[in-house]
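Summary of structural features
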Amino acid sequence: MLFAKQSADLPGIYLEFVSANPTGPLHVGHGRSAVIGKALERILKKSHYPVTSAYYVNDAGTQIDTLTCSVILRMIPDAIFHSTCYQGDYIKDIANIGPGIDPTSARNIAKDSMNWSSLEPEEGQKRLIADIQKHMGPEQYQALKTLSIHEILKSITADLAQLNVSYDEWFFESTLLKGGQVNQALEQLQHNNHLYTKDGATWFKSSELGDTKDRVIVRSNGQNTYFLNDIAYHQYKYKNYDQAINLIGSDHHGYGPRLEAAKNALGHQNKKLTMKYIQFAILWQNGEKLSMSTRQGQYTTLKELYDEVGTGPTLFFYALKKPDQHLDFDMDLAKKQSSDNPYYYVQYAHARISQLLNKANWQITEDLSKLTQSTERQIMNQLLYFNTALARAARDLEPHQICFYLMDLSKFLHQYYNDTPILKDPNQELINARLTLLKATANTLSEGLKLLGIKALENM
RNA sequence: GCGCCUGUAGCUCAACUGGACAGAGCAACGGCCUUCUAAGCCGUGGGUUGCAGGUUCGAUUCCUGCCAGGCGUGCCA
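Residues numbered from 1 in each chain as written. Chains lettered and ligands numbered in written order. Predicted model: local features only at pLDDT ≥ 70, side-chain atom pairs only at ≥ 80, totals over all residues. Heavy atoms only, no water.

**With respect to the packing of aromatic side chains**
Scanning all chains against the criterion turns up 22 aromatic pairs. Here the aromatic rings of Tyr 343 and Tyr 344 are separated by 4.9 Å at their centres, their planes lie at 75°, and the arrangement is edge-to-face. Note on Tyr 344: relative accessible area 17%, which makes it buried. The ring of Phe 81 carries the charged tip of Arg 74 above its face, separated from the ring centre by 3.5 Å. Directly above the aromatic system of Phe 227 lies the positively charged group of Arg 258, at a separation of 5.9 Å from the ring centroid. (Phe/Tyr/Trp six-rings, centres within 6.5 Å; stacked < 30°, edge-to-face > 60°. Buried < 20%, exposed > 50% of the residue type's maximum accessible area, 1.4 Å probe, protein only. Lys NZ or Arg CZ within 6 Å of the ring centre and 35° of its normal.)

**Digging into the sheet that holds strand β10 (residues 288-289)**
Sheet architecture is open: three strands sit in the order β10-β9-β11, paired in mixed fashion. The open sheet has two edge strands with one neighbour each: β10 and β11 (327-330). Sheet topology places strand β9 (residues 281-285) next to β11; four bridges connect them, and they run parallel. Within the sheet, the bridge partner assigned to Trp 284 lies in β11 and is Asp 330. (Pairing = 2+ DSSP bridges. Helix = DSSP H or I, 4+ residues; strand = E, 2+ residues; numbered from the N terminus.)

**Observations regarding helix α12 (residues 311-319)**
Across the nine residues of α12, eight count as buried, placing the element largely inside the fold. When α12 is considered as a whole, its buried residues turn out to be Gly 312, Pro 313, Thr 314, Leu 315, Phe 316, Phe 317, Tyr 318 and Ala 319.

**Describing the packing of helix α1 (residues 28-46) against helix α16 (residues 386-396)**
Here α1 crosses α16 at 125°, and the two axes come no closer than 9 Å. Taken together, the axis directions place α1 and α16 in an arrangement best described as oblique. Relative to α16, the crossing made by α1 is left-handed. Contacts from Leu 40, Ile 43, Leu 44 and Lys 46 in α1 reach Phe 386, Leu 390, Ala 393 and Ala 394 in α16. A breakdown of the residues in the contact of α1 with α16 according to their chemical character gives seven nonpolar, no polar and one charged. (Axes fitted to C-alpha atoms, helices over the stretch in contact; angles between N-to-C directions. Parallel < 35°, antiparallel > 145°, perpendicular 65-115°, else oblique. Left-handed = near helix turned anticlockwise from the far one by under 90°. Contact = heavy atoms within 4.5 Å. Nonpolar A, V, L, I, M, F, W, Y, C, P; charged D, E, K, R; others polar.)

**Describing the environment of Ala 393**
Relative to the helices and strands, Ala 393 resides in helix α16. For Ala 393, a relative accessible area of 0% translates into the label buried. Put simply, Ala 393 and Ser 47 are 346 residues apart on the chain and 9.8 Å apart in space, counted from C-alpha to C-alpha. For Ala 393, the contacting residues outside a window of four places in its chain are Leu 40, Ile 43, Glu 398, Gln 401 and Ile 402.

**Concerning the sheet that holds strand β1 (residues 13-16)**
With parallel pairing, the five strands of this open sheet are ordered in space as β3-β2-β1-β7-β8. Bordering the open sheet on either side are β3 (169-172) and β8 (272-278), each of which pairs with just one other strand. Averaged over all neighbouring strand pairs, the angle between strand axes comes to 25°, with direction disregarded. Packing of α1 onto the sheet brings it into contact with β1, β2 (51-57), β7 (243-249) and β8, and relative to β7 it is tilted by some 155°.

**A short note on the nonpolar core**
Among the nonpolar cores identified, the biggest contains 110 residues, and Ile 132 and Phe 316 are the most heavily contacted of them. Broken down by element, the residue count for this core peaks at ten residues, all from helix α18 (residues 428-451). In this view, Phe 316 contacts Pro 342, Tyr 343, Val 346, Cys 403, Met 407, Leu 449, Leu 452 and Ile 454; residues no more than four positions away in its chain are not counted. Among the nonpolar cores identified, the runner-up in size contains 30 residues, and Tyr 14, Val 182, Val 218 and Tyr 233 belong to it. (Core = buried A, V, L, I, M, F, W, Y, C linked by side-chain atoms within 4.5 Å.)

Dropping the structure here:
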């Protein structure tokens with residue numbers, strides 16, 4: 001192989017991450033997947049892989065009906081708010097922008113709401129959705145559903161944008177149902193003899209393909225499981241890409257084998273499915289662990305986090321540890337503007353260089369033969385190592401390797417800066433050579449930070 | 001019970017897929033600003049890599065068995 005690989009030779013990668021249900025604002029758990037996922041997209045793209053990033057919007061399941069009904073109940077002051085509905089204030093906000101509900105429907109719903117709370121929570125939940133849909137009528141209901149999803153996605157997009165996270169594609173689960181891809185996948189599984197019926201439900205024989213047990217894909221009540229729709233989604237991925245990478249919370253690790261089984265059952269043995277599990281981030285503030293309960297809206301939102309510690313530190317801290325390692329996110333440290341904080345350590349290195357470059361009278365030179373100090377060699381070696389570090393981060397899907405690379409490079413820079421008064425030297429040629437090296441260092445720091453979504457600072 | 005992940009210095013973490021005396025930061029202690037930003041640098045102390053075996057010239061890394069923690073083990077998503 002004489003030449004470096006071109007993009008066209010490399011496998012097209014479909015990278016899905018976050019894909020949180022659009023039922024509420026993103027919380028701090030989603031933040032880590034968002035930051036790592038986007039960093040991976042940039043790392044892979046910089047490594048010349050054709051990458052498509054995607055957010056899968058689950059807009060078809062019962063949780064969306066729960067969302068819609070939560071909003072509707074908040075629009076009717078007389079109705080009793082059900083315990084299984086989403087409690088957060090954001091529901092009220094959506095209800096306030098809504099067009100309102102016609103008086104007859106509202107009265108009926110308010111009347112029924114007494115019955116729901118007398119039932120078992122789950123049963124009440126089911127009845128609630130059915131009754132509300134009946135009273136509202138399909139058009140009015142659908143309008144509010146669309147509005148609710150739209151508003152939630154707006155807030156999710158805004159949160160992600162704060163962390164410089166954007167997507168090539170937003171893929172809606174509902175399009176798979178409308179477009180017939182779900183039925184198509186179902187038929188193909190049937191045709192390939194991977195299905196059977198038991199207890200009125202349709203089962204996928206995933207245990208024959210490496211999973212620990214068979215899985216229901218159509219429930220006895222006729223509803224698809226999340227899994228079936230996801231199979232159809234992955235069918236789409238395999239048809240258009242060579243490799244699918246899913247970033248997924250490690251609490252869902254049991255999901256991988258059945259997706260792999262489905263891939264093979266549909267004849268996509270030649271495609272690669274990579275599950276990258278992201279461990280939880282645990283927030284610490286004032287030396288105490290923050291509660292992560294997702295019930296009753298008692299969790300820390302992503303917005304609260306980046307408002308508190310700032311975008312740059314948030315990005316750096318989320319990416320700092322190996323993805324499959326638990327992350328202790330120390331908010332006090334992230335806010336601290338001192339040497340303990342690795343984010344500022346790296347930024348300070350870049351800022352120091354920027355100031356020198358601005359202050360000096362110099363020009364770029366190709367002659368670096370005068371740079372013979374060990375500190376200068378150390379920096380040069382580290383600069384040459386960048387491509388390797390990048391390749392490793394891409395290979396292992398581990399952005400934290402970029403963080404460690406940047407911290408190492410920053411350390412060499414600070415050492416150099418401390419023991420060599422660069423601008424004081426009488427030899428202009430030497431100054432030119434040294435500042436050329438520092439310019440390259442600043443560029444590399446800036447590039448590395450950019451991979452993490454962080455803008456390098458000129459001064460501090 | 002079974003499955004996946006984790007266990008490295010007092011704390012938080014690395015360790016280039018099996019290679020040299022296992023490295024950083026913080027915390028502790030001691031130095032460096034009349035000199036380009038001290039948000040920095042230098043030095044000292046700190047380890048039986050959870051435990052016990054095995055494979056290997058060589059193991060934090062691979063295998064087996066324990067111990068501890070986390071997460072799973074739905075006709076939830």
